[in-house]
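The chain contents come next:
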Amino acid sequence: MLVAATAAATAAPSAGQVPEPESWLGFPLGADRRLADWEEISSWYDALGSASPRVSVDTVGTSTRGRPFLVVTITSAENQSRLPRLQEIQQQLADPRRISSGARRDALLSEARGVVLLTHGIHSTEVGSAQAAVRIAHRLAASDDPAVRRILDELVVVQIPSLNPDGTQWVTDWYERFVGTPFEAAPLPWLYHYYTGHDNNRDWYAFTQIETRLAVEHGHDAWRPHVVHDVHQMSGDGARLFLPPYVDPWEPNVDPALVASVNRLGMEVAAALTREGREGVVVNAIYDAWSPARAYSHYRGGARILGESASAELATPVRMPEGPRPGGRGYDATAPSWNHPAPWSGGRWGLPEIVDQMEATAIALLESVARDRRTWVETSVEIAERAVAGWSGRPDAWVIPATSGNLANRTGLTYLLRALTLGGVEIRRTSSPVTIDGERVPPGSWVIALRQPYGSFAHALMQRQSYPDLREYPGGPPRRPYDVTAHTLPLLTGVYARAVDRLPDVPLGAAIAPPQIAFPDPRAVFGDSVPRIGYHKSHAEPMEGGWTRWLFDSMGLPYDTLSNADLRAGELRDRVDVLLLQSQSAASILDGIAPGTLPAAWTGGVGEAGQRAIRDFVRQGGRVVAIEESTEFVSDLFDLRVRNVVERLPERDFFVPGSILGLEFEPTRFVEGLPDRDVAWFWTSSRAFEVTDPSVRVLARYATNGLLESGWALGERAIAGRPALVEARIGRGSVVLFGYQPNYRAQSVTGWRHLLRALDPRRSTLPPV
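Residues numbered from 1 in each chain as written. Predicted model: local features only at pLDDT ≥ 70, side-chain atom pairs only at ≥ 80, totals over all residues. Heavy atoms only, no water.

## Some remarks on the overall build of the protein chain
Helix and strand content of the protein chain: 23 helices and 30 strands. Rg of the C-alpha trace for the protein chain: 27 Å, near the compact-globule value of 27 Å for 769 residues, within the 12% margin. For the protein chain, the proportion of its 769 residues judged to be buried stands at 62%. Considering only intrachain contacts with a sequence separation of at least 6, the fraction spanning at least 24 residues in the protein chain is 80%. Of the roughly 27200 Å² that the protein chain leaves accessible, carbon and sulfur atoms contribute 50%. Charged side chains of the protein chain number 77 positive and 89 negative; the gap between the two group centres comes to 4 Å. (Helix = DSSP H or I, 4+ residues; strand = E, 2+ residues; numbered from the N terminus. Rg over C-alpha atoms; globule rule 2.2 N^0.38 Å. Buried < 20%, exposed > 50% of the residue type's maximum accessible area, 1.4 Å probe, protein only. Contact = heavy atoms within 4.5 Å. Areas by Shrake-Rupley, 256 points an atom, 1.4 Å probe, with all protein chains shown as cover. Lys, Arg positive; Asp, Glu negative; His and termini not counted. Charge placed at Lys NZ, Arg CZ, Asp CG, Glu CD.)

Here it is as structure tokens:
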């Protein structure tokens, strides 16, 4: 039953109190070919917070490149006056162990407000999202509409106007620079997040980026939202808007009530928009809910409602003719169906339509949650209660023994413990030797009981994944997952952990605080002679390259960033000892961005001059480390007889879409101090080699037995026992080729050891020249 709001009706501020976005910016928000940049947006929010009693604006930190990171709280003036009390209620309800009685529970449920977190602008080329944030905030701050007043009375709306302020500024600056020229809406020639690019919304369990941590600490964890509306854009050639339900599979540690709540709310919002006459709304298509890397709230009783609006060309409108258009997984863009009842008929589509649709979607969602506030609050509490009581059919706890191997692996151990504790998981240490599940556990071992509010988050990251074998039709090709299929932290970090069915009552210390990652010390890795590393950063830098820069910067490893022009200039031996080529196709390295796509300063690749320079560099004693796609460039450049054995296999015969595989090292000096068996991250850009060149030495192979460690693999026998990491002598120098990704989204910590060893010429297994 909906409990009547206790908050008093909120009087709307006068028009003069609330800054109008159009007056502030000097143009209508959401107009064609006009974008508000982050400086303008953040200054408007500051003015809004000063003017409106409904709004508080907090700068909670700064972005990677030093821009203000805002968290905005919008609710009735009466609710604003007691925000600390409402926040404390949320914290109590999120942990049933803090509630002393049923009567206390009922009292808190009645007093609590619903909390909705709106997140915008994480993918900066999806330009409508941050613009729509301003429109939504202004409407909630200024409108006297009864529906808005009910939202404000029933809910606390927490808004993050941009999860990537740097990218919001960069993309706007870049777009406005070329409006009205042949390069209008041209792509940004660098990653729109300094380190991660588009991958910045794959960081919701590793917490490597400052923006992720600020959003978690000051948005998710500060308020424990019941609903999170994540405002995005998708490709522009199909439906106009995606909303949940998601397609299968769901990650199995998400509470079934949360799954049902996501389905219900997504359908309610889709129905409301369709009733308004909006075309092209699709549900149960395209996106799944498998990876916790994109769904932090799903393990905290919060329904993540992803909204994906169709894109234009940044802020430049497009026109789509009527007729057949491609759809996507689970729907036909031009045919009506149960999950896409009113296809878009085509025509004009631009920023005005995108921003209007985003605003309408957010308001419909807020109205729905406000109407049923008590149910949303109570559902979240019930999920937490089930988590504390424990789920049937899963272990009682995970134990990380304080063995010599785990203690020596400081990087992997601190990474894993930090990820879990930043995610709210309680981890306690044994104070003396104890026996758990028949095994002696040393003192100082770490115990992760799963009967706690965020036990499902812990279990999702600790257990091995078994992704279902989904096909397009019986016996047909695989149904591609939206993203990757594995996220097992003990495997990725090299930490030994075991599940225990029954956790006895043993003395444990207080919950530990999140540790800092103990990054490898360059001096400990390389000794007194740290090699001069050159990293090739083109105008089409792959995201894996950005993640690699993050790793080097985090561990304090010096490196020289080499552009295409630097490589063409030659004389590389004067600058660097090792050249690193992250995963980038041979054509992209050689030719770069096509002429005419961008101004000439941003086009082209290393060209023939760069090829000659790299050849000379290696033959004169330099070392090249190439990863995944770039291995073809190096193999062709030096005529190595090394080929990718799975390159032409159809997906029905071989398919590994982001999984953890077993890796076995050959007995060489490269692996001194490493285990005989390790893991490798393998996805669609990875390779398995066939080597017919006697000058090439195999350093590691994909495991012959038990190849799939976690995730999904079809036809894995095609690569079992095949070379995964090789080295070759070229003149006085050498090259190393990685078939797998040693730094997958800064999560494959075991691979860092492989990469750092490959960058060390002293680790070469080849005889000296």
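## Some details on the sheet that holds strand β18 (residues 498-500)
In space, the four strands of this open sheet follow the order β14-β17-β13-β18, with antiparallel pairing throughout. At either end of the open sheet lies a strand with only one pairing partner, and these are β14 (428-429) and β18. With two bridges connecting them, β14 and strand β17 (residues 446-449) associate as antiparallel partners. Bridge pairing in β17 places arginine 428 opposite valine 447. (Pairing = 2+ DSSP bridges.)

## Quick word on the pattern of salt bridges
Under the criterion given, the structure shown has 53 salt bridges. The residue arginine 67 makes a salt bridge to aspartate 166 at a minimum N-O spacing of 3.0 Å. Highlighted residues: arginine 67 in the loop between β1 (55-62) and β2 (68-74) and aspartate 166 in helix α8 (residues 165-178), separated in sequence by 99 residues. Relative accessible area serves as the criterion here: at 0%, aspartate 166 is assigned to the buried category. (Salt bridge = Lys/Arg side-chain N within 4 Å of Asp/Glu carboxyl O.)

## Overview of α8
The terminal C-alpha atoms of α8, which comprises 14 residues, lie 21 Å apart, in line with the 20 Å expected from a rise of 1.5 Å per residue. When you tally the buried positions in α8, you get eleven out of 14 residues, the bulk of the element. Those residues of α8 that fall on the buried side of the exposure criterion are Pro165, Asp166, Gly167, Thr168, Gln169, Trp170, Val171, Thr172, Trp174, Tyr175 and Phe178. In the stretch just after α8, glycine 180 is the one whose phi turns positive, near 85 degrees. (Expected span 1.5 Å × (residues − 1).)

## Things to note about the sheet that holds β2
Strand order in the open sheet formed by eight strands is β1-β2-β4-β3-β5-β10-β6-β8, with mixed pairing between adjacent strands. With one partner strand each, in any of the chains shown, β1 and β8 (281-283) form the two edges of the open sheet. Going across the sheet, the axis of each strand differs from the next one's by a mean of 20 degrees, ignoring polarity. Looking at chain direction, strand β6 (residues 241-243) and β8 are connected through three bridges and run parallel. Pairing of phenylalanine 242 across the sheet is with valine 282, part of β8. Contacting β3 (114-119), β4 (155-160), β5 (227-234), β6 and β10 (303-310), helix α11 (residues 351-371) runs over the sheet at an angle of about 160 degrees to β5. (Axes fitted to C-alpha atoms, helices over the stretch in contact; angles between N-to-C directions.)

## Notes on the packing of aromatic side chains
Overall, the coordinates contain 30 aromatic pairs when judged by the stated rule. Summarising the aromatic geometry, the rings of tyrosine 194 and tyrosine 195 are spaced 4.8 Å apart at their centres and angled 70 degrees between planes, so their arrangement reads as edge-to-face. Residue tyrosine 194 is classed as partly exposed on the basis of its relative accessible area, which comes to 25%. What makes tyrosine 195 buried here is its relative accessible area of 12%. The ring centre of tyrosine 454 lies 5.0 Å from the NZ or CZ of arginine 300, which sits over that ring. The ring of phenylalanine 457 is capped by arginine 300, whose NZ or CZ atom sits 4.4 Å from the centre of that ring. (Phe/Tyr/Trp six-rings, centres within 6.5 Å; stacked < 30°, edge-to-face > 60°. Lys NZ or Arg CZ within 6 Å of the ring centre and 35° of its normal.)

## Description of the pairing of strand β22 (residues 623-627)
The element β22 is largely enclosed, with a buried count of five among its five residues. Of the two faces of β22, the one carrying Arg623, Val625 and Ile627 and the one carrying Val624 and Ala626 are both buried. Here strand β21 (residues 578-581) pairs with β22 via four bridges, running parallel. What sits directly across from valine 578, in β22, is arginine 623. Two strands pair when backbone bridges link them, and β22 and strand β30 (residues 733-738) are joined in this way by five bridges, in the parallel orientation. By the bridge assignment for β30, valine 625 is matched with valine 736.

## Considerations on the packing of helix α10 (residues 256-275) against α11
Between two packed helices, both the angle of their axes relative to each other and the distance between the axes serve to describe the pair. In contact at an axis separation of 9 Å, α10 and α11 are set at 125 degrees when each is read in the N-to-C sense. Here α10 is positioned oblique relative to α11, judged by the angle of their axes. Relative to α11, the crossing made by α10 is right-handed. Residues Leu265, Glu268, Val269, Ala272 and Leu273 of α10 form the contact with α11, whose participating residues are Ala360, Thr361, Ala364, Leu365, Ser368 and Val369. For the contact of α10 with α11, the class distribution of residues is eight nonpolar, two polar and one charged. (Parallel < 35°, antiparallel > 145°, perpendicular 65-115°, else oblique. Left-handed = near helix turned anticlockwise from the far one by under 90°. Nonpolar A, V, L, I, M, F, W, Y, C, P; charged D, E, K, R; others polar.)

## Focus: unusual backbone geometry
With an omega dihedral of 15 degrees, the bond running from proline 244 to proline 245 counts as a cis peptide bond. By the secondary structure assignment, proline 245 is in the loop between β6 and β7 (247-250). Unusually for a residue other than glycine, leucine 314 sits at a positive phi of about 55 degrees. Inspection of the secondary structure assignment puts leucine 314 in the loop between β10 and β11 (318-320).

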